[in-house]
There are 2 protein chains.
Amino acid sequence: MSAATLFLNASEVVTCAGPGRARVGREMADAAVRSGVAVAVQDGLIAAVGDERELRARYRKAAEVDCAQGVLTPAFVDSHTHAIFGAPRAAEHELRASGLDYMEIARRGGGIHASVRDLRARSEDALYELALPRLLALSATGVGTVEVKSGYGLTLEDEVKSLRVVARLQATLPLRLVPTFLGAHEIPLEHRGSSASRREYVEQVVHDMIPLVAREGLAQFCDVFCETGVYSVEESRAILTAARQHGLGLKLHADELTACGGAELAAELRATSADHLAAVSDDGVRALAGAGTVATLLPATMLFLGKARQAPARALIDAGVPLALATDFNPGTSPTLSFPLVLTLAVSQLRLSVAEALVAGTVNGAAALGLAHETGQLAPGFSADLALFHARDHRELPYWLGARLCERVWIRGKPCP
Amino acid sequence: MSAATLFLNASEVVTCAGPGRARVGREMADAAVRSGVAVAVQDGLIAAVGDERELRARYRKAAEVDCAQGVLTPAFVDSHTHAIFGAPRAAEHELRASGLDYMEIARRGGGIHASVRDLRARSEDALYELALPRLLALSATGVGTVEVKSGYGLTLEDEVKSLRVVARLQATLPLRLVPTFLGAHEIPLEHRGSSASRREYVEQVVHDMIPLVAREGLAQFCDVFCETGVYSVEESRAILTAARQHGLGLKLHADELTACGGAELAAELRATSADHLAAVSDDGVRALAGAGTVATLLPATMLFLGKARQAPARALIDAGVPLALATDFNPGTSPTLSFPLVLTLAVSQLRLSVAEALVAGTVNGAAALGLAHETGQLAPGFSADLALFHARDHRELPYWLGARLCERVWIRGKPCP
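Residues numbered from 1 in each chain as written. Chains lettered and ligands numbered in written order. Predicted model: local features only at pLDDT ≥ 70, side-chain atom pairs only at ≥ 80, totals over all residues. Heavy atoms only, no water.

Caption draft 1: Seen up close, unusual backbone geometry. Residue and element names in this part refer to chain A. With phi around 60°, Q69 is a residue other than glycine that occupies positive phi space. Residue placement: Q69 occurs in the loop between β6 (63-66) and β7 (71-74). With a phi close to 50°, R412 is a non-glycine residue in the positive phi region. With respect to the helices and strands, the residue R412 is situated in the loop between β17 (406-411) and β18 (414-415). A relative accessible area of 37% means that R412 is categorised as partly exposed. (Helix = DSSP H or I, 4+ residues; strand = E, 2+ residues; numbered from the N terminus. Buried < 20%, exposed > 50% of the residue type's maximum accessible area, 1.4 Å probe, protein only.)

Caption draft 2: Up close: the interface of chain A and chain B. Counting residues at the interface gives 44 residues for chain A and 44 residues for chain B. Among the residues of chain A in contact with chain B, A:Y399, A:W400 and A:L401 are the three that bury the most area, contributing 21% of the side total. The tally of links between chain A and chain B comes to zero salt bridges. Contributing elements (two or more residues each) for the side of chain A that touches chain B: α2 (90-97), α11 (299-305), α13 (339-348), α14 (354-361) and α16 (396-399) of chain A. Per-element accounting of the side of chain A that touches chain B gives the leading share, six residues, to α2(A). Across the side of chain A that touches chain B, the residue classes tally to 25 nonpolar, ten polar and nine charged. (Contact = heavy atoms within 4.5 Å. Buried area = accessible area lost by both parts, 1.4 Å probe. Salt bridge = Lys/Arg side-chain N within 4 Å of Asp/Glu carboxyl O. Nonpolar A, V, L, I, M, F, W, Y, C, P; charged D, E, K, R; others polar.)

Caption draft 3: Main features of α2(A). Buried residues of α2(A): A:A90, A:E92, A:H93, A:R96 and A:A97, and no others. Seen along its axis, α2(A) keeps its buried residues to an arc of 155°; they face one direction. Check the buried side of α2(A) and you find it contacts α3 (102-107) and α11 of chain A together with α13 (339-348) and α16 (396-399) of chain B. Just downstream of α2(A), A:G99 is the residue with a positive phi angle, here 125°. (Arc of directions from axis to C-beta.)

Caption draft 4: Region of the structure containing the pairing of strand β14 (residues 294-297) of chain A. Residue and element names in this part refer to chain A. Burial of β14 is two-sided: the residues V294 and T296 facing one way and the residues A295 and L297 facing the other way are all buried. Pairing of strand β13 (residues 273-276) with β14, which is carried by three bridges, proceeds in the parallel orientation. Each bridged residue has a counterpart across the sheet, and for A274 the counterpart in β14 is A295. Each parallel crossover has a hand, and for β13 linked through helix α10 (residues 282-291) to β14 it is right-handed. Sheet topology note: the β14/strand β15 (residues 323-325) ladder contains three bridges and is parallel. From the neighbouring strand, A295 faces β15, where its bridge partner is L323. (Pairing = 2+ DSSP bridges. Right-handed = clockwise from strand over helix to strand, strands pointing away.)

Caption draft 5: Spatial organisation of the sheet that holds strand β7 (residues 71-74) of chain B. Residue and element names in this part refer to chain B. Overall, mixed pairing links the six strands, which are arranged β3-β2-β7-β16-β17-β18 in an open sheet. Here the strands that pair on one side only, and so sit at the sheet edges, are β3 (33-34) and β18 (414-415). Pairing analysis gives two bridges linking strand β17 (residues 406-411) to β18, with the strands arranged antiparallel. The residue of β18 that forms the bridge with W410 is P415.

Caption draft 6: Local environment of the pattern of salt bridges. Residues and elements named next belong to chain B. Scanning the model with the defined rule gives 43 salt bridges over all chains in all. In this structure, R192 and E186 form a salt bridge, with 3.1 Å as the shortest nitrogen-oxygen distance. For R192, a relative accessible area of 38% gives the class partly exposed. Of the residues examined, E186 reaches a relative accessible area of 3% and is grouped as buried.

Caption draft 7: Spotlight on the environment of A:K149. All names here are of chain A. Looking at the secondary structure, you find K149 in strand β9 (residues 143-149). Residue classification places K149 among the buried positions, given a relative accessible area of 0%. Sequence separation between K149 and V166 is 17 residues, and the spatial gap between their C-alpha atoms is 8.6 Å. Every residue in contact with K149, bar those within four places of it in the chain, is listed here: H80, T81, H82, I84, T180, L182, D223, K251 and H253. Within the local environment of K149, its side chain forms a polar contact with the side chain of E147, the two groups lying 2.8 Å apart. Looking at K149, its side chain comes within polar contact range of the side chain of D223, at 2.8 Å. (Polar contact = N/O pair within 3.5 Å; in protein donor to acceptor, adjacent residues only side chain to side chain.)

Caption draft 8: Up close: the relation of the copies chain A and chain B. Superposition record for chain A on chain B: RMSD 0.0 Å, screw rotation 180°, translation along axis 0.0 Å. Viewed as a symmetry operation, the transformation between the two copies matches a two-fold axis. Both copies contact each other with a shared surface, as 100% of the interface residues of chain A are interface residues in chain B too. (Least-squares fit on C-alpha atoms with pLDDT ≥ 70 in both.)

Caption draft 9: Structural view of the domain arrangement of chain A. All names here are of chain A. Examined at the domain level, chain A breaks down into domain 1 (5-74 + 376-415) and domain 2 (77-367). Computed over C-alpha atoms, the centres of domain 1 and domain 2 are 29 Å apart. Listed per partner, the contact involves 28 residues of domain 1 and 31 residues of domain 2. Around 2400 Å² of area is buried between domain 1 and domain 2 when both sides are counted, 69% of it from carbon and sulfur atoms. (Domains from an automatic or database assignment.)

Caption draft 10: Region of the structure containing the environment of A:L95. All names here are of chain A. Relative to the helices and strands, L95 resides in helix α2. When its relative accessible area of 40% is taken as the criterion, L95 is described as partly exposed. Separated by 315 residues in the primary sequence, L95 and W410 place their C-alpha atoms 40 Å from one another.

Caption draft 11: Quick peek at the sheet that holds strand β10 (residues 176-184) of chain A. All names here are of chain A. Reading across from one edge, β8-β9-β10-β11-β12-β13-β14-β15 is the order of the eight strands in this open sheet, with parallel pairing throughout. For this open sheet the edge positions go to β8 (76-78) and β15, each flanked by a neighbour on one side alone. If you compare each strand with its neighbour and ignore which way they point, the axes differ by 25° on average. The strands that helix α5 (residues 124-139) touches are β8, β9 and β10; relative to β9, the one it contacts most, it runs at about 140°. Its contacts with the sheet place helix α8 (residues 233-245) against β10, β11 (221-226) and β12 (249-254), and it is angled at close to 180° to β11. (Axes fitted to C-alpha atoms, helices over the stretch in contact; angles between N-to-C directions.)

Caption draft 12: Here's a closer look at the packing of helix α7 (residues 195-215) of chain A against α8(A). Residues and elements named next belong to chain A. In the contact formed by α7 and α8, the axes pass within 9 Å of each other and the chain directions differ by 15°. Here α8 runs roughly parallel to α7, going by the angle between their axes. The two elements α7 and α8 meet at a crossing, and its hand is right-handed. Residue-level inspection shows R198, V202, V205, V206 and I210 of α7 in contact with α8, the latter providing E235, A238, I239, A242 and A243. (Parallel < 35°, antiparallel > 145°, perpendicular 65-115°, else oblique. Left-handed = near helix turned anticlockwise from the far one by under 90°.)

Caption draft 13: Structural detail: the packing of aromatic side chains. Inspection of every chain in the model, using the stated rule, returns 14 aromatic pairs over all chains. The interplanar angle of 75° and the centroid separation of 6.1 Å between the aromatic rings of A:Y399 and B:F304 together place this pair among those described as edge-to-face. Residue A:Y399 is located in helix α16, and its partner B:F304 is located in helix α11 (residues 299-305); the two belong to separate chains. By the burial criterion, A:Y399 is buried, and B:F304 matches it. Here the aromatic rings of B:Y399 and B:W400 are separated by 4.9 Å at their centres, their planes lie at 75°, and the arrangement is edge-to-face. (Phe/Tyr/Trp six-rings, centres within 6.5 Å; stacked < 30°, edge-to-face > 60°.)

Caption draft 14: Structural context of the nonpolar core. Counting residues in hydrophobic clusters, the biggest one holds 235 residues, and the most contacted among them are A:L169, A:I239, B:L169 and B:I239. Look past the residues within four positions of A:L169 in its chain and what remains in contact with it is A:I84, A:Y128, A:A131, A:L132, A:L135 and A:L177. (Core = buried A, V, L, I, M, F, W, Y, C linked by side-chain atoms within 4.5 Å.)

Caption draft 15: Just the layout of surface pockets, in detail. In this structure, the largest pocket encloses a volume near 710 Å³. Surrounding the largest pocket, 24 residues form its lining, A:P133, A:R134, B:H390, B:W400 and B:L405 being those nearest its centre. A total of six residues in the lining of the largest pocket trace back to one element, the largest contributor, which is α5(A). In terms of residue class, the lining of the largest pocket is built from 14 nonpolar, three polar and seven charged. The calculated volume of the second largest pocket comes to roughly 580 Å³. Considering the residues around the second largest pocket, the lining is formed by 25 residues, among which A:H390, A:E396, A:W400, A:L405 and B:R134 are closest to the centre. Ranked by residue count, the leading element in the lining of the second largest pocket is helix α5 (residues 124-139) of chain B, at five residues. (1 Å grid on protein atoms, 1.4 Å probe; cavity = no way out; pocket = protein on both sides within 12 Å on 5 of 7 lines; lining within 4 Å. Points joined across faces, edges and corners; volume = space filled by probe spheres on them.)

Below is the structure:
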């Protein structure tokens, strides 16, 4: 047993303590914020949360971290990113502002296809060097766990290359990374000539990529971009069914731009999460509630795309769907390097309470990765994943728009660089 | 003549060079971005912008700043803030999310009134200590000039106290601060009992506060919150007319929530700027164009308030109104501590090009403060107010949503802390 560390003198500790599963409905309204308590960490786990004097007495030889009247929270769980990519796509930002929409940019060979061309041309080393500082910048805003998707390769070789980059990052960084295979992110340009060629790519995903990725342990989840003009509900079902047979967890990009039945499919397959949902139908909301699938909302994407519409967060919570929040960090539609900004958008745009936003960014983000038993709350037995913020009141985290309040992040009890 | 400093090895220099006045229409579409050039600074002014080798030869003994292939820009001009306040109002954020609107929160004695009670109870010293780190945090995102309004005092004594805090900050900080008197920010609660009492407060503003503020040189501008339920067009006209007689420049909070004729009044008085304008009418747009008044847009406020509507930026530019961008930094409706976030919103939400956003945040921000001849561009004779960003392409400044790219800011050639 290693020496303990005591986190002392926090103005507030946002514990999010409770069951190690996704929180729904009224459960989301309580982030279990405590004042005057200390947190004891030992062997990378939370050992205790309780009265400062009592914990000082119990852990006499503990190292001490002075929280200097800041706010201590579980490190955020960013459960949806596309962090392995090459060049930024800054030029598209103003193209879109000038009136071109996402689908139009994609039809012109830009959008995802530009990132695919770019990623295929880069080595694993080059992609690693690009991803490293980006993940560190994101983590420095309070994030301890990041899901990272492939999906800019769209060949067996390039998808595997992307996932190997995630594995190398995991070997270097203290951050907890969760790799997701997203070979079905787009139909590659070379398979768009005929429906036979398109079918051929889906077959490759199902028969070549998924078995290899699963066999080599390169991904924990499989995801599909189910959307009008991208993968149909039928194609998505075939891919995710194969993924499940190979032991991968299931995620789905569902109803981002159009209500095409993505949420219903995610529910049918009891996917771990259905993500985006800005255009989800009432039937889709009901289906998700029945399935226990986590709805992962990505408000920064809608903001960056200049959409007035956001996902119906309140309707989802009221229906009993567990809500998570994520950055959707990606080079085209959400080059977002701040998790607290997503919290601000959750309150200002999705109309969540601060507690709901915090639970969505911690416990429920963990649940969206099948990790609700392991991280996302400060309670005995959970991983010692913490973030310290320069603020007196937890409500300041979403409040100070665009500010940089995070002072330090610890993963499994170890401070991040 | 002091020794020169050379800024070398920038990947791009956004000069915004051109006439020392507000840019309109197509002029806004050109931020005069140059590659392979150096910037020479001497005696706090830009001495030259030109070929690196040539400037190295001309300034042989110059100190050197290695821009390390970053992007060098004019330091941003944040021409609309309410940076002198006490406690943050984080609790209101989720109250608003739960459905209460700005006017309803104000009617309950919250909103501005909460900040007024709070500011009146604090000493000048306490307000100074609170404002200092906030202004430094804002500046660290690339800002060199900040307009700071009073307006949470609403008594002669407390308005003067607020403006003295600005003067003390100006004496300490290298930042260029521009103080604005906003005694007419709200009708104080103690003057809301009758129309006679309300009139009495307007009289105090006109006959007591404005003459004193002008005489003691405590403000360069006078501003009024002209809005349905706050100051009427007639009251605003009376106050601003008095301000002009006392030599103050004119600004107006115009048509933020309702189209009540604010833009028309700003145009009639040839105010230096009309600010907010989310609800401006077509007549208002035409009036501003005819007057040469700068339209200062504050997109972070609409975002934070959860409004889908933004000011009609494109219509304003097309009509020939010079556009500026600002944070509106204040404790109630825009606790925004990032200027680049405002640039992101300008592209994503207001649909400006990147060049238009950069011109709006520099030259036109300066014009909104009567400083277009002095700051906002990197051209010989202008103040050496620069910001250096960790990016290769100026389009990355609005692109990396929520990122912290600014590495350093210089004001009058001196690095900021």
